[in-house]
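# Per-entry structural report
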Amino acid sequence: MFAVVDILGHQFKVTENETYYVPKLNQEVNSEVTFDSVLMIGDEKKVKIGHPTVKDSKVTAKILEHLRDDKVTVFKKKRRISYQKSGTHRQHLTRIEIIEIA
């Protein structure tokens, strides 16, 4: 069974007992969080699509850790003007494990 869930503006296709990296959630480590905005639920035989969400459905996940993603280098340049600007960015992430799709 799988579900498509909207987590902080990003859509993820999730299955049970799998781990995913999502944008940082403001919850404690080892706590459970419930996502109510399920956009689609399906299995091998049928799929249920919501308008915009599937009613009476939720996805429960456990927060495993908070971490930061790899460093991304941002480089801007305009030719013939002698303009160069460089910067870096690290995104804050949360690793979750999907416990139940109901």
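Because the structure is a prediction, the values reported are computed rather than measured.

### Side note on the pairing of strand β2 (residues 10-15)
Looking at chain direction, strand β1 (residues 2-7) and β2 are connected through six bridges and run antiparallel. The partner of A3 across the bridge, within β2, is V14. Connecting β1 to the antiparallel partner β2 that follows it, the hairpin turn spans two residues, and L8 within it adopts a positive phi of roughly 55 degrees.

### Some remarks on the side chain of S31
Considering the arrangement of structural elements, one finds S31 in the loop between β3 (19-23) and β4 (32-35). Within polar-contact distance, the side chain of S31 engages the backbone oxygen of E28 at 2.6 Å. Those residues within four positions of S31 in sequence are excluded, and the remaining contacts are A61, K62 and I63.

### Re the pattern of salt bridges
Applying the stated rule across the entire model yields one salt bridge. Its salt-bridge partner being R95, residue E65 comes within 3.0 Å of it at the nearest N-O pair. Separated by 30 residues along the polypeptide, E65 in strand β7 (residues 59-68) and R95 in strand β10 (residues 92-101) bring together distant segments of the chain.

### Considering the sheet that holds strand β5 (residues 38-42)
On the basis of which strands lie adjacent, the open sheet formed by four strands has the order β2-β1-β5-β6 and antiparallel pairing. Strand pairing shows two members of the sheet lacking a second neighbour, β2 and β6 (47-49), which therefore form its edges. Going across the sheet, the axis of each strand differs from the next one's by a mean of 20 degrees, ignoring polarity. Note that β5 and β6 share three bridges and pair antiparallel. Across the sheet, the residue bridging to G42 is V47, located in β6.

### Focus: the environment of K24
In this structure, K24 sits in the loop between β3 and β4. By relative accessible area, K24 is classed as partly exposed at 41%. Measuring from C-alpha to C-alpha, the distance between K24 and T94 comes to 4.9 Å, with 70 residues separating the pair along the chain. Once residues within four sequence positions are removed from consideration, K24 is found in contact with L8, H66, H92, L93 and T94.

### What to know about unusual backbone geometry
A cis amide bond links H51 to the next residue, P52, at an omega of -5 degrees. One can find P52 in the loop between β6 and β7. Unlike most non-glycine residues, R80 shows phi in positive territory, near 65 degrees. Mapping R80 onto the fold places it in the loop between β8 (72-78) and β9 (83-89). Among the residues examined, R80 registers a relative accessible area of 73% and is labelled exposed. The phi dihedral of S82 falls on the positive side, at around 65 degrees, and the residue is not glycine. Here S82 is to be found in the loop between β8 and β9.

Rules of the game
- Residues numbered from 1 in each chain as written.
- Predicted model: local features only at pLDDT ≥ 70, side-chain atom pairs only at ≥ 80, totals over all residues.
- Heavy atoms only, no water.
- Pairing = 2+ DSSP bridges.
- Helix = DSSP H or I, 4+ residues; strand = E, 2+ residues; numbered from the N terminus.
- Polar contact = N/O pair within 3.5 Å; in protein donor to acceptor, adjacent residues only side chain to side chain.
- Contact = heavy atoms within 4.5 Å.
- Salt bridge = Lys/Arg side-chain N within 4 Å of Asp/Glu carboxyl O.
- Axes fitted to C-alpha atoms, helices over the stretch in contact; angles between N-to-C directions.
- Buried < 20%, exposed > 50% of the residue type's maximum accessible area, 1.4 Å probe, protein only.

Keep in mind these numbers describe shape, not what the thing actually does.
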